[in-house]
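Structural features, examined
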Amino acid sequence: MRIFRTFIFFTLIMTFFGACTNQAGKKREIALVPQPNGLVKGEGSFTIDAKTAFVVPENDKLQSAAGLINQRFKQAAGFELAVVKELPAKNFIHVELTGEAGSNDESYQLSVTSAGVNIKAASERGAFYGLMSMLQLLPAEIESTQAVADVDWTMPCVEIDDAPRFVWRGMHLDVCRHFVSIEFIKKQLDVMALFKMNTFHWHLTEDQGWRIEIKKYPKLTELGSKRTEGDGSVYGGYYTQEEIKEVVAYAAERFINVVPEIELPGHSLAALVGYPELSCTGGPFEVRTVWGVEPDVYCAGKEETFHFLEDIIDEVVPLFPYEYFHIGGDESPKDRWKVCPDCQRRIRKEGLKDEHELQSYFVQRIEKVLLAHDRKMIGWDEILEGGLAPSATVMSWRGEAGGIEAANQGHDVVMTPGNWVYLDHYQGDSKVEPVAIGGYTTMEESYSYDPVPAELDAAKAKHVLGTQGNVWSEYMYTPELFEYRIYPRIIALAEVGWTQKENKDYEDFVKRMDPQFVRLDLHNINYHIPLPEGPLSHIAFADTASLEFTTTRPVKMVYTLDGSEPDQNSTVYESPLTFTENATVKIRSVLNSGKMSAVRTITVEKQSLLPAVSVETSKTGLTGEYAEGIFVKVKDLESAENWKTIDVNEKTLRTINNYKKPTGAKLQGYIEIPEDGFYEFQTNFDQFFIGGKLLVSNDGEVKRYSRNNAQIALAKGKHAVEIIYLNNNIGGFPQSWNYFIVDYKKVGDEKFTQIKLENFIY
Ligand code: ACM
Ligand code: ZN
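The following refers to the structure shown. (Residues numbered from 1 in each chain as written. Chains lettered and ligands numbered in written order. Predicted model: local features only at pLDDT ≥ 70, side-chain atom pairs only at ≥ 80, totals over all residues. Heavy atoms only, no water.)

1. So, the pairing of strand β4 (residues 92-97)
Sheet analysis places strand β2 (residues 53-55) next to β4, joined by three bridges and oriented parallel. Considered in β4, the bridge of A53 is made with F92. The pairing of β4 with strand β6 (residues 116-121) spans six bridges and is classified as parallel. The residue bridging I93 from the neighbouring strand is V117, located in β6. (Pairing = 2+ DSSP bridges. Helix = DSSP H or I, 4+ residues; strand = E, 2+ residues; numbered from the N terminus.)

Below, the structure written as C-alpha cells:
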C-alpha cells in the first residue's frame, strides 16, 4: 500500500500573492494546510457560483465526495452545484480519475484557471484530497453551516501537484477514560478530512471502561462500561455495533480508515469485571476509578482467555474493514503472572524464559487469529519485549527506540513518541492551563517532529508508515477539553504527516493557520489559544510590582485594570505592567481572527510583613479533626458529622489519606519562616491558610498539579497555618496520591523548599 512517487518540486514564488480579495477588500493569500508539495501561484481567479458545473465521474465514492462538497455550498453559499457529465467550456469543477479506481494512491493535481477547477487523481482518495485543497482555496466561510452573505466564492489561480509524505496520518482517541458521543467523533472526522488525515485509531477498551458492544459477552458493556466515580456518581457509555458501523461508514466517506484497539493482555480490568474467571486470581473486580495501570490482566495460562479473545475478534473484525487491528500490548504488569500457577505452567510447557516471553506468546497467538481474519496486527512498542510477532507493526510511544528497533528488524512502524505527539500533554504553563497529565508539547514542538528518526538507517526509512496524535483522555473531562488538547496540535501533525520535510516551515505554518482557526470556529471546535503566562494569579509586593507576560507563540494580548472583561478593543499589552497600588489585571490573548482566549484574573496586592507569632510548642505534625464521608468541596464539610480528633504524623496520616476510605479534615499547626520576605506558596491541599488568611485554594479542583500558587509577605518566625484536606478522588486523581506538603520560596528564587508533615509543629 506504500506509494512511491517522484515529486517535481515547484519553486514557491513567495513574492507574489494571489490576486483574490474578499468582500472586506483584504487580500486573501493562499494558505493551505497541510502545505502542498508542489504549488505555483498563477494570476487571476475563478469564482464558483450557482451555475458552476460539477463534473464528477460515475463512481460511487466520488459522487459521495461531490455530495459532501455540495453540502458545504448548500449550507454556506445557499446554492448547490449541478453534478453533471458534460464538461462545459467554462465555469466548472472537473474531477478526473486517471488511474485504477480503488487504489491507495493519494496524489492529486489541482489546477485553478479563470475557466474553472481541474482535479486529476489516480484514485478516489487523491481526488478527495484535491477537493479538500479546493475548499481551502475558498474563503474560510465555506465551512459555515449557515448561509453567509456577501462572500464571493473566489479562489486564486494556482497549479498544485501534491502527494503525502506518509501513508499513516492519524489521530488516536481514548474514549475509555472519558467517553464521547458518535456526534463528537463525526465532528472530529470532518476536521481530520479537511486536513487530509486518513487514520482514526479508536481506543475502545481499558481498565477504566469497555466501550464496544460484544453480543456474545454482554457483561462487557453491562458491567464494564460503567464506573463509580470518586464523588459517588456513575460514569459510563459504550457504542453499539450499529453506532460503530455508522462511524466507520462516516469515516470511509471521508477516506479515513478506522483502526479498532482492543487492549490485551493488560489494560483489561473492565473486561475482567464481568468475566473474572479470565484473570489469574479470579477476582472479584470493579472498573478502575483512578488513573494509572491496573495489575490485574488477562491470565495467559488459561485457554478460556484465548477463546474469549478469539470470540471478541470474530465480532470486532467485521465492523472494521481496514486492514489494521490494534491489540494494545502496552503497560501489562507481570505481577499476577509471576505467581499464577496457570501462567507458570504455560511458561514451562512452552519452554518460555520468563513473563516477557509469555507476553510475546500471548501476542503471537492473537496475531495468528488476526491473520486468519486477514488483518494486520499493530501494537504499542512493548510488544517488542520477549520477541516481536513475525508480522506485527509497531506503534512506538516510549520515545523512538522501539520504532527504530522494529524498523531495523524489518517491521513497519508508526511513530508516536510522547514528546511530540501526545496531545494530553500541557501546551502552556501548568500554572495557568487546565490540569493535564503532565509533559509539555507546544504546537511548535508537534510541528517540529520528523517521523523518520535521524538514527534510522536510510534503507529502513521505508518502514516508517507515518505518525498520529495520541489523545489519552484521563484529564479531558468534557468534549470541550478534548478539543482544547487536540487542536491546534493535531493540525501541526497533519502537516508533519503530509508535507515533505523540505517544504515544512513553522513560521509559514503559523501564518497559514490564521484562516484555519476560522475554519475551526465554523466547526465549533474549542481549540487552544495560548494564554498570557508568567505572573501568578495572586501577587504580593512592597513598593512596586512588575508583571511581565509571555505566550507560547507570538499572539496579541489585551488587558483591563477596571475589572471589566477585556475585549478586542482593550489596551494591547506591550511591555511589563508596573503597579504601586492594589490592582486587578484581567488579561487574555487575541488571535488575528479576533478570537479570544479565556481571561486570566490577577490580583496584585500591596502588603506589609505579617508578624510572626510566639508559641512554645514542639510536637511535629498537625492537629485537628476529621470526619468520614465523601467531601468534594470544602463547603461539603458543613454537613459532616461525628468529627474525631486526630494528631497527624507519619503513623496516623493514613487515617485521613486513603481514597478508598474518604474523609475530610481540618488541621492546624505552625510553620517556621527563616527570614523576613515575600514568599510564594504552592500546595495541593484543598485549602491552605496562613495567619487566618486563605492563601491557596484548590477547592473542587483535580489536584494533579498545584496551580493556585499565591504570594504573601511574612516576617521571620512562626506562623499559624490551617489546612483543609479532603481525602477524595476528584477526576480520577486521588488527593492521597499527592505528597502531604506545602512548598514555599522567596519571590524571585528558583527553587522551592518543602514543608513536609514532619516540618509542621503544633
Ligand atoms: C501508552 O501511552 N500507554 C501507549
Ligand atoms: Zn494466570
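2. Some thoughts on the coordination of the zinc ion (ligand 2)
Note on the zinc ion (ligand 2): its protein donors are C280 (SG), C299 (SG), C340 (SG) and C343 (SG). The metal-donor distances range over 2.3 Å. Around the zinc ion (ligand 2) sit four donor atoms, and with donor-metal-donor angles ranging over 105 to 115° the site reads as tetrahedral. For the zinc ion (ligand 2), the single-chain donor residues occur in sequence as C-x18-C-x40-C-x2-C. One end of the pair, C280, is in the loop between α6 (269-274) and α7 (303-316); the other, C299, is in the loop between α6 and α7, and 19 residues separate them in sequence. (Donors = N, O, S within 2.8 Å, 3.2 Å for Na, K, Ca; no water. Tetrahedral: all angles 85-135°; square planar, octahedral: opposite > 155°, others 65-115°.)

3. Focus: the layout of surface pockets
In this structure, the second largest pocket spans a volume of roughly 620 Å³. Listed by contribution, the elements that provide at least two residues to the lining of the second largest pocket are β12 (226-228) and α6. If one sorts the elements of the lining of the second largest pocket by residue count, β12 sits on top with three residues. Broken down by class, the residue content of the lining of the second largest pocket amounts to 12 nonpolar, six polar and nine charged. (1 Å grid on protein atoms, 1.4 Å probe; cavity = no way out; pocket = protein on both sides within 12 Å on 5 of 7 lines; lining within 4 Å. Points joined across faces, edges and corners; volume = space filled by probe spheres on them. Nonpolar A, V, L, I, M, F, W, Y, C, P; charged D, E, K, R; others polar.)

4. What about empty space enclosed by the protein?
The final tally for this structure, using the stated rule, is three cavities of 30 Å³ or more. Roughly 70 Å³ of volume is contained in the largest cavity. As for the largest cavity, its lining consists of Q427, T442, M443, E444, P488, Y506, H528, P530, T552 and R553. Here the lining of the largest cavity is built from residues that sort into four nonpolar, four polar and two charged.

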